[in-house]
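Listed below are the residues making up each chain.
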Amino acid sequence: MQASDDFNPPAGLAEELEPGLRRILAPNPSPMTYRGTNTYVIGTGGLAVIDPGPESELHLAAILAAVQPGQQITHIIVTHSHLDHSPLARMLGQATGAPVFAFGGPAAGRSAVMCQLAARGLAGGGEGIDAGFLPDITVGNGEIIRGDGWDLEVIHTPGHLGNHIALAWGGACFTADHVMGWASSLVSPPDGDLTDFMASCRRLRQRNWRVFHPGHGAPVHDPAGRLDWLIAHRGSREAAILDALSEAPASASALARKIYTETPPALLKAAERNVFAHLVDLTGRKLAAPQGPLSASAVFGRRSG
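Residues numbered from 1 in each chain as written. Predicted model: local features only at pLDDT ≥ 70, side-chain atom pairs only at ≥ 80, totals over all residues. Heavy atoms only, no water.

Enquirer: Account for the overall build of the protein, with residues named and values stated.
Expert: A tally of helices and strands in the protein yields seven helices and 15 strands. In terms of overall dimensions, the protein is globule-like: its C-alpha atoms have a radius of gyration of 19 Å, near the 19 Å expected for 305 residues. Along the first, second and third principal axes, the C-alpha atoms of the protein reach 65 × 35 × 35 Å. Residue burial in the protein is summarised as follows: out of 305 residues, 56% are buried. Restricting the contact set of the protein to residue pairs at least 6 apart, pairs at least 24 apart contribute 66%. Looking at the protein as shown, the accessible area adds up to about 12,300 Å², and 53% of this sits on carbon and sulfur atoms. (Helix = DSSP H or I, 4+ residues; strand = E, 2+ residues; numbered from the N terminus. Rg over C-alpha atoms; globule rule 2.2 N^0.38 Å. Buried < 20%, exposed > 50% of the residue type's maximum accessible area, 1.4 Å probe, protein only. Contact = heavy atoms within 4.5 Å. Areas by Shrake-Rupley, 256 points an atom, 1.4 Å probe, with all protein chains shown as cover.)

Now the structure itself:
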């Protein structure tokens with residue numbers, strides 16, 4: 001994953017992006033989070049906070065400092081329960097009395113095949129799960145979260161995580177980690193599911209968006225183009241995996257080393273998880289098959305029909 005923009009705002013400062021919308025960057029930069037998690041504040045009276053971020057007293061203080069005279073936080077909305085997005089929701093809720101809205105706990109929205117992999121002991125990789133996360137109010141696809149002068153439509157977008165949601169705000173969409181401009185999304189089984197990820201991309205592509213506000217990095221001002229790129233990018237990875245399997249059976253680890261030739265060593269494990277996500281998807285579509293039980297260490301071969 002490599003940055004493709006010059007996004008580098010100061011952490012902790014509430015910056016207005018457009019009327020009724022501010023962004024506060026959390027102080028948690030890393031190879032997986034880029035400059036840090038974007039926390040969004042919507043509204044001018046009763047406020048919604050989207051993705052409070054990691055457990056950080058410093059970031060909590062920054063969010064509370066963004067509440068101006070005559071304003072109060074009435075809604076806390078978590079797009080998904082990775083450790084860089086959800087843990088601060090508990091502390092913010094205690095400080096403000098606002099309820100926490102989300103699709104569900106860490107296993108909510110998980111597909112059947114990913115439930116099977118998890119039951120066999122496969123643990124997620126990458127950004128880490130907020131295992132104890134539970135919302136006060138559960139929301140589903142198509143529901144409208146209504147506030148003081150604003151509405152947010154919930155769009156269930158599993159793929160990066162089963163409980164991942166995007167939030168439509170007029171022609172804008174808060175896409176969290178599903179669509180970002182600086183990098184493609186990590187899809188790491190059993191938490192991530194590539195079959196679901198591609199379906200979510202196509203679901204978002206059906207609508208005419210003005211801008212995407214992602215969980216990390218700068219706004220995406222060509223949403224359709226970015227979605228087209230993500231779909232094509234995954235298609236090219238799939239083609240490379242199938243070509244390699246045509247030569248000889250291989251594991252996800254071997255395929256990652258062969259295909260991700262320009263990836264820094266520190267990110268090769270994430271690349272391996274992405275390849276495994278493709279292999280699970282290809283197995284479900286009967287284009288590949290493991291030699292033995294489906295697992296992250298299995299050797300896969302290409303199927304002909």
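Right, picking up where we left off after that structure.
Enquirer: Which residues make up the nonpolar core, and what values go with them?
Expert: In terms of nonpolar packing, the biggest core is built from 23 residues, with Ile241, Leu245, Leu255, Val275, Phe276 and Leu279 touching the most fellow members. Mapped onto this core, the elements with two or more residues apiece are α3 (112-119), α5 (223-247), α6 (252-259) and α7 (268-284). Top contributing element to this core by residue count: α7, with six residues. In this view, Val275 contacts Ile241, Ala252, Leu255, Ala256 and Tyr260; residues no more than four positions away in its chain are not counted. (Core = buried A, V, L, I, M, F, W, Y, C linked by side-chain atoms within 4.5 Å.)

Enquirer: Lay out the pattern of salt bridges with the relevant residues and their values.
Expert: It is possible for side chains bearing opposite charge to pair when their charged atoms get close. Within the structure shown, the criterion is met by 11 salt bridges. Among the ionic pairs, Glu15 bridges to Arg23, the shortest N-O distance being 3.3 Å. One salt bridge connects Asp130 with Arg90, and the closest N-O pair in it is separated by 3.1 Å. A residue pair is termed long-range when its members are at least 10 positions apart, and Asp130 in the loop between α3 and β7 (137-138) and Arg90 in helix α2 (residues 88-96) qualify at 40 residues. Looking at Asp130, the relative accessible area reads 4%, which means it is buried. One salt-bridge network, in which partners are shared between bridges, spans Glu238, Asp281 and Arg285. (Salt bridge = Lys/Arg side-chain N within 4 Å of Asp/Glu carboxyl O.)

Enquirer: Describe α2, with residues and values.
Expert: By the burial criterion, the buried members of α2 are Leu88, Ala89, Met91, Leu92 and Gly93. Contacts from the buried residues of α2 go to β4 (46-50), α1 (57-65), β5 (72-77) and β6 (100-102).

Enquirer: Tell me about the pairing of β5, and name the residues and values.
Expert: Sheet analysis places β4 next to β5, joined by five bridges and oriented parallel. Directly across from Gly46, in β5, lies its bridge partner Gln72. At this point the chain moves from β4, through α1, to the parallel β5, and the crossover so formed is right-handed. (Pairing = 2+ DSSP bridges. Right-handed = clockwise from strand over helix to strand, strands pointing away.)

Enquirer: Give a detailed account of α5, specifying residues and quantitative values.
Expert: Taking 1.5 Å as the rise per residue, α5 with 25 residues should run 36 Å; its terminal C-alpha atoms sit 37 Å apart, in good agreement. Those residues of α5 that sit buried are Pro223, Arg226, Leu227, Leu230, Ile231, His233, Arg234, Glu238, Ile241, Leu242, Ala244 and Leu245. (Expected span 1.5 Å × (residues − 1).)

Enquirer: Give me the packing of aromatic side chains: which residues, what numbers.
Expert: Using the criterion set out here, one finds six aromatic pairs in the structure. Clustering of aromatic rings is evident, with ring pairs tying together Phe7, Tyr34 and Trp182. Positioned above the aromatic ring of Phe197 is the side chain of Arg234, whose terminal nitrogen or guanidinium carbon lies 5.2 Å from the ring centre. Positioned above the aromatic ring of Tyr260, the side-chain terminus of Arg237 is 4.0 Å from the ring centre. (Phe/Tyr/Trp six-rings, centres within 6.5 Å; stacked < 30°, edge-to-face > 60°. Lys NZ or Arg CZ within 6 Å of the ring centre and 35° of its normal.)

Enquirer: Quick rundown of the packing of α5 against α7? Include the residues and the values.
Expert: At a closest axis distance of 10 Å, the pairing of α5 and α7 adopts a crossing angle of 80°. Considering their axes alone, α5 and α7 lie roughly perpendicular with respect to each other. Contacts between α5 and α7 involve Arg234, Arg237, Glu238, Ile241, Leu242 and Leu245 from the former and Asn274, Val275, His278, Leu279, Asp281 and Leu282 from the latter. Of the residues in the contact of α5 with α7, the class split is six nonpolar, two polar and four charged. (Axes fitted to C-alpha atoms, helices over the stretch in contact; angles between N-to-C directions. Parallel < 35°, antiparallel > 145°, perpendicular 65-115°, else oblique. Nonpolar A, V, L, I, M, F, W, Y, C, P; charged D, E, K, R; others polar.)

Enquirer: With reference to specific residues and values, describe the pairing of strand β15 (residues 299-302).
Expert: Summarising the sheet, strand β13 (residues 250-251) and β15 pair through two bridges and their orientation is antiparallel. Looking at β15, one finds that Ser251 is bridged to Val299. Bridge analysis of strand β14 (residues 288-290) against β15 gives three bridges, and the strand direction is antiparallel. What sits directly across from Ala289, in β15, is Gly301.

Enquirer: Can you break down the side chain of His278 residue by residue, with the values?
Expert: Checked against the element boundaries, His278 lands in helix α7. Once residues lying within four places of it in the same chain are set aside, the contact partners of His278 are Leu194, Arg234, Arg237, Glu238 and Ile241.

Enquirer: Kindly report on the sheet that holds strand β10 (residues 165-169), identifying the contributing residues and their values.
Expert: Pairing is mixed across the open sheet formed by five strands, whose spatial order is β8-β9-β10-β11-β12. The strands lining the two open edges of the sheet, one partner per strand, are β8 (144-146) and β12 (211-214). Strand-to-strand twist across the sheet, computed as the mean angle between neighbouring axes with direction ignored, equals 25°. Alignment of strand β11 (residues 172-176) against β12, held across four bridges, turns out to be parallel.

Take it as geometry only, folks, not as evidence of what the structure does.
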